[in-house]
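Residue strings, one per chain:
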Amino acid sequence: MTEFDALTPCGWDDYELIDCGDHEKLERWGRWVTRRPEPQAVWRKTLPEEEWERGATAVFRRESRGSGDGERGEWTLAPNMPGQWWIGYRYKEMALQMRLGLTAFKHVGVFPEQAANWDFIYDRCREMTAYMAGTRRKPQILNLFAYTGGATLAALAAGAQVTHVDSVKQVVGWARENMERSGLDGARWIVDDALKFVRREARRGKIYDGIILDPPAYGRGPDGERWVLEQQIGEMLELCAALLSPVDSFLVLNLYSMGLSPLIAQTAVRQMFGIARDERFGELYFTDRAGKNLPLGVYYRMVR
């Protein structure tokens, strides 16, 4: 079955998109509210500027001087605003804890739209764990460009074993902290360039039951390796196709580069992996209080 759809996480008490527009978004994370840039919010804000100013406890401003990176900037905090805090996420029997922190690149440690994928990963890994129960084997999941580990936690909560790969040592440590705070274990932590890692795994003949790919538009490996999504996603998908089990397996792909569509994701995956038993692709989004839908990335999922 093939299905094109837009997905939004539902029922998340600790996250809310309050308003968006004029290339900004106002978000609530637990009791704290952030204001930060959002290039895809091309429409007008609904709430007046006074409410944005009054409500935000942390405001991100891009650097005005030429730094060579348009995403870098600084946060201005309300007097009682902490630099780090925790939020929770629940789905069925899964209860996750994730630490948030205000970074110089406007991120806070969680991409909340990915919760829709966490639910899928959890459900699929629970199914795998159930039918593997008699084999003494757990589902083997590979999470590439894994960041602070939301997808890793979802797979672990469902009983899988996860290889978590990210090029930034501090971020991998952050993910480990989230795992421990969530009362989980079973992750294999790898600090490496994702493309180099999958090349080695392919040479070794490694097979995984699920692969999660969350590549940035641009990135750097721990030794300065350069990642450009449009140039290298083809090789990455080809290698992942060799690593993914041909039966009873799944793939999750996210694309954040503006201009890449769900159909591009579907075509690229189909060429390397073949036609799936079940596939779903589209956009991830949140709806603010005024009903405006903010797209936050392209996703593609397949089940073999």
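Scroll up for the structure.
Residues numbered from 1 in each chain as written. Predicted model: local features only at pLDDT ≥ 70, side-chain atom pairs only at ≥ 80, totals over all residues. Heavy atoms only, no water.

### A short note on the packing of helix α5 (residues 194-204) against helix α6 (residues 229-243)
Relative to each other, α5 and α6 sit at 35°, their axes nearing to 9 Å. The crossing of α5 and α6 is left-handed. Where α5 abuts α6, its residues A194, L195, V198, R199, E201 and A202 lie against Q232, E235, M236, L239 and L243. In terms of residue class, the contact of α5 with α6 is made up of seven nonpolar, one polar and three charged. (Axes fitted to C-alpha atoms, helices over the stretch in contact; angles between N-to-C directions. Helix = DSSP H or I, 4+ residues; strand = E, 2+ residues; numbered from the N terminus. Left-handed = near helix turned anticlockwise from the far one by under 90°. Contact = heavy atoms within 4.5 Å. Nonpolar A, V, L, I, M, F, W, Y, C, P; charged D, E, K, R; others polar.)

### Here's the deal with the pairing of strand β5 (residues 58-62)
Bridge count between strand β4 (residues 32-37) and β5: two bridges; the pairing is parallel. Bridge pairing links T34 to A58 in β5. As a crossover connection, the stretch from β4 through helix α1 (residues 49-55) into β5 is right-handed. Sheet topology places β5 next to strand β6 (residues 73-77); five bridges connect them, and they run antiparallel. Each bridged residue has a counterpart across the sheet, and for R61 the counterpart in β6 is E74. (Pairing = 2+ DSSP bridges. Right-handed = clockwise from strand over helix to strand, strands pointing away.)

### Re the packing of α6 against helix α7 (residues 262-273)
One can describe the packing of α6 onto α7 by two numbers: an axis separation of 9 Å at closest approach and a directional angle of 40°. Judged by the inter-axis angle, α6 sits oblique to α7. Note on packing geometry: the crossing formed by α6 with α7 is right-handed. Where α6 abuts α7, its residues G234, L237, E238, C240 and A241 lie against A268, V269, M272 and F273. Here the contact of α6 with α7 is composed, by residue class, of seven nonpolar, one polar and one charged. (Parallel < 35°, antiparallel > 145°, perpendicular 65-115°, else oblique.)

### Some details on the sheet that holds β4
Pairing between sheet strands relies on hydrogen bonds along the backbone, with the strands arranged either parallel or antiparallel. The strand order β2-β3-β4-β5-β6 describes an open sheet built from five strands, whose pairing is mixed. Because the sheet does not close on itself, it has two edges, and the strands there are β2 (15-21) and β6. For this sheet the average axis-to-axis angle between neighbouring strands, irrespective of direction, equals 20°. Bridging between β2 and strand β3 (residues 24-29) involves six bridges; their strand directions are antiparallel. Bridge assignment links C20 to a residue of β3, and that residue is K25.

### Considering unusual backbone geometry
Although it is not a glycine, D22 adopts a positive phi angle of roughly 55°. Turning to its location among the elements, D22 is positioned in the loop between β2 and β3. A positive phi is found at Y147, a non-glycine position, where the angle reads about 50°. Tracing the backbone shows Y147 in the loop between β9 (140-144) and α3 (150-157).

### Side note on the side chain of R35
In this structure, R35 sits in strand β4. Given a relative accessible area of 4%, R35 falls into the buried group. Within the structure, the side chain of R35 is placed 3.0 Å from the side chain of E24, a separation counted as a polar contact. (Buried < 20%, exposed > 50% of the residue type's maximum accessible area, 1.4 Å probe, protein only. Polar contact = N/O pair within 3.5 Å; in protein donor to acceptor, adjacent residues only side chain to side chain.)

Purely spatial values, then, with no claim about function.
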